[in-house]
Amino acid sequence: MAKIYERNPDNGEIRSRNVGDPIGSEKIEKPGITKAQKAISRSEILDEIWSADKHTIDGKWYVSLSDVCAILGEDYARENK
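Residues numbered from 1 in each chain as written. Predicted model: local features only at pLDDT ≥ 70, side-chain atom pairs only at ≥ 80, totals over all residues. Heavy atoms only, no water.

J.: What's the story with the packing of aromatic side chains in this structure? I'm lost.
T.: Here a ring pair, both rings aromatic, is described through the centre-centre distance and the interplanar angle of the planes. One pass over the full model with this rule turns up 1 aromatic pair. A centroid spacing of 5.4 Å and a plane angle of 40° characterise the contact between Trp-50 and Trp-61, whose relative ring orientation is tilted. In this pair, Trp-50 sits in helix 1 (residues 35–51) while Trp-61 sits in strand 5 (residues 60–63), placing the two residues 11 residues apart along the sequence. According to the relative accessible area criterion, Trp-50 is exposed, its value standing at 56%. Taking the ring centre of Trp-50 as reference, the NZ or CZ of Lys-54 above it sits at 4.8 Å. (Phe/Tyr/Trp six-rings, centres within 6.5 Å; stacked < 30°, edge-to-face > 60°. Helix = DSSP H or I, 4+ residues; strand = E, 2+ residues; numbered from the N terminus. Buried < 20%, exposed > 50% of the residue type's maximum accessible area, 1.4 Å probe, protein only. Lys NZ or Arg CZ within 6 Å of the ring centre and 35° of its normal.)

J.: Looking at this structure, I do not really get the pairing of strand 4 (residues 54–57). What am I missing?
T.: A regular strand places its side chains on the two faces of the sheet in alternate fashion. Pairing analysis gives 4 bridges linking strand 4 to strand 5, with the strands arranged antiparallel. Along strand 5, the bridge assignment pairs Lys-54 with Val-63. The turn joining strand 4 and strand 5, which pair antiparallel and follow one another in sequence, is formed by 2 residues; a positive phi near 55° is taken by Asp-58. (Pairing = 2+ DSSP bridges.)

J.: Even after reading the chapter, I still don't get unusual backbone geometry, so can you show me in this structure?
T.: Trans is the prevailing form of peptide bonds, just as negative phi is the prevailing case for residues other than glycine. Even without a glycine there, the phi angle at Asp-58 is positive, about 55°. Position of Asp-58 relative to the elements: it lies in the loop between strand 4 and strand 5.

See below:
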């Protein structure tokens, strides 16, 4: 049996129903994040952290936690510069 798929542009919900079923009998599917999207997001975040200002102590590189918080989108991270 054929299915009809509709996507809500406001919240991304996907509704599906069989052809001929009355409207209102839809099954709601919540969109998930795919492995590829996670990998891209992770890669982008790591690139941002890598490009942040680094401090060298005993030959090892370190990044300030406040810089990492700023990269991750924590607006309340304090700037200690």
